Amino acid sequence: MDTVTRPRILVVGAGFAGVECVRRLERRLGPDEADLALVTPFSYQLYLPLLPQVASGVLTPQSVALSLRRSERYRTRIIPGGAIGVDLRSKVCVVRIVNGEILNEPYDYIVLAPGSVTRTFDIPGLTDHAFGMKSLAEAAYLRDHVISQLDLADASHDPAERASRLQFVVVGGGYAGTETAACLQRLTHAAVKRYPRLDPGLIKWHLIDIAPKLMPELGEKLGRSAHEILTRRGIEISLGVSISKASAEEVTFTDGRVVPTRTLIWTAGVVASPLIATLGAETVRGRLAVNADMRLPGHDGVFALGDSAAVPDVAKGDGAVCPPTAQHALRQGRQVAENVIATLRGRSARPYVHRDLGLVVDLGGTDAVSRPFGFELHGLPAQAVARGYHWSALRTNVAKTRVMTDWLLNAVAGDDFVRTGFQAHRPGNLRDFEYLDAYLTPEQVRAHVEEAGRAAR
């Protein structure tokens, strides 16, 4: 009896790109056409743009963790782990599942959407003492940490310690850093009213970036508007400045200033997932070089997209590549699914083409700046557009309901400034959350696959 094996489609990563790809494959492919599998350590998609609102307590963590098992067409096998290497010749993805076991997952088609990791530099003390903002755990940990600084400052009898606990430094003037500083500043500004022994004037927020402008993607006018809003709220912005070293109790800026602080938040950009380096393929500034249809040249059945792929921006031309934004990742996910289906059915793949819809920046409260379709907005109209965009982009009705309820409840009742303490038993800095030592080299991947093949024979 002949056994017909269905093609195996493996998607790596449950971010915007990976999840959108899986959902489109589930809708467009019949159950008998292919077997679908998704590699991710968590069975949820994180809505990353709203993470600063989780850190500030406006949203609960569950509100931005969208379950992958709620789809009516759910039939994708979730492999609970992280991809640590890919052998393109053998068509095998090496996966370390959450209990530490290493598996070899064969594939016929692979979609690489592993996302990005925080970009760091060789700065003394950075990974040991800085906090990141790339995961749900980091956002929850950071909220606890910020509130604990107010508690500890209130309990301290040492003026120097109290001052250092009430100073906060955010490095990175992009979207993540600006929104994080804005949202957490509002948190501390509101919370300090519940600490009668603390002088509100001691609370100082610093936002620094090596670039000459804050969020240059917004343009001159909106960037200046965001700068003015944050300055008016008491956030000290320093441009053309980074940090030269960090310790547990102070941070030294590159301009020589030494700021006593127990809170350093690092959001100075991202780089492609280290998984890309395990392929041994051509890259563009660390991102996998792919064609406009998101296929990897010279390798049948290999597609890459999102933050880890340098997808040509056909709409802009001139050699431009798509920026690592959620807007592009969502639409690339849909198109790459269509291209996988076309390849599977013997048709031609189509290039990814998308024109920018605009930008939104939520600065908390009624403060925001937005540029939808080229129109520049400030204040409440910009806030309505920003939240409307994020709300509509949430994938499930359950998530939309939770987020809207949290927004309404926070607007009416405010915050209780509670810290959970769930992660107080472990550190929460960059070194603890990135897991950068988990990935293999291309040589290690090949050796592991060959050894597993010999053992199977």
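Residues numbered from 1 in each chain as written. Predicted model: local features only at pLDDT ≥ 70, side-chain atom pairs only at ≥ 80, totals over all residues. Heavy atoms only, no water.

Quick notes on the side chain of K400
Note on placement: K400 falls in helix α10 (residues 397-413). Here K400 is buried and forms no salt bridge, its nearest opposite-charge partner E20 lying at an N-O distance of 11 Å. If we skip the residues at most four places from it in the chain, K400 touches W391, S392 and L394. (Helix = DSSP H or I, 4+ residues; strand = E, 2+ residues; numbered from the N terminus. Buried < 20%, exposed > 50% of the residue type's maximum accessible area, 1.4 Å probe, protein only. Lys, Arg positive; Asp, Glu negative; His and termini not counted. Salt bridge = Lys/Arg side-chain N within 4 Å of Asp/Glu carboxyl O. Contact = heavy atoms within 4.5 Å.)

Thoughts on a nonpolar patch on the surface
Taken together, the side chains of W391, M404 and L408 present a nonpolar region at the surface, about 270 Å² in accessible area. Of note, L408 is situated in helix α10. (Patch = residues over 30% accessible without salt bridge, like charges linked within 9 Å, V, L, I, M, F, W, Y side chains within 5 Å. Areas by Shrake-Rupley, 256 points an atom, 1.4 Å probe, with all protein chains shown as cover.)

Focus: the nonpolar core
Formed by 108 residues in total, the largest nonpolar core has its most connected members in L25, V86, I110 and L112. In terms of residues, this core owes the most to one element, helix α4 (residues 136-155), which gives 8 residues. Leave out the neighbours within four places in its chain, and I110 touches L10, V12, V86, C93, G301, V302 and F303. Of all hydrophobic cores here, the second largest spans 16 residues; its members include A130, V259, L264 and L430. (Core = buried A, V, L, I, M, F, W, Y, C linked by side-chain atoms within 4.5 Å.)

Focus: the sheet that holds strand β14 (residues 243-246)
Here 3 strands make up an open sheet; going across it, the order is β14-β15-β16 and the pairing antiparallel. Where the open sheet ends on each side, the last strands, each with one partner, are β14 and β16 (258-260). Geometrically, the sheet is characterised by an average inter-axis angle of 20 degrees between neighbouring strands, direction not taken into account. In this structure, β14 lies alongside strand β15 (residues 250-253), joined through 3 bridges in antiparallel fashion. Looking at the pairing, I243 lines up with F253 of β15. (Pairing = 2+ DSSP bridges. Axes fitted to C-alpha atoms, helices over the stretch in contact; angles between N-to-C directions.)

Details of the sheet that holds strand β25 (residues 377-378)
Working definition: the strands of a sheet are paired by backbone hydrogen bonds and lie parallel or antiparallel to each other. Read across the sheet, 3 strands follow the order β23-β24-β25 without closing on themselves; strand pairing throughout is antiparallel. In this open sheet, the two strands that pair with only one neighbour each are β23 (358-362) and β25. Where helix α9 (residues 379-393) meets the sheet, its contacts fall on β23, β24 (368-372) and β25, and the angle it forms with β24 comes to roughly 65 degrees.

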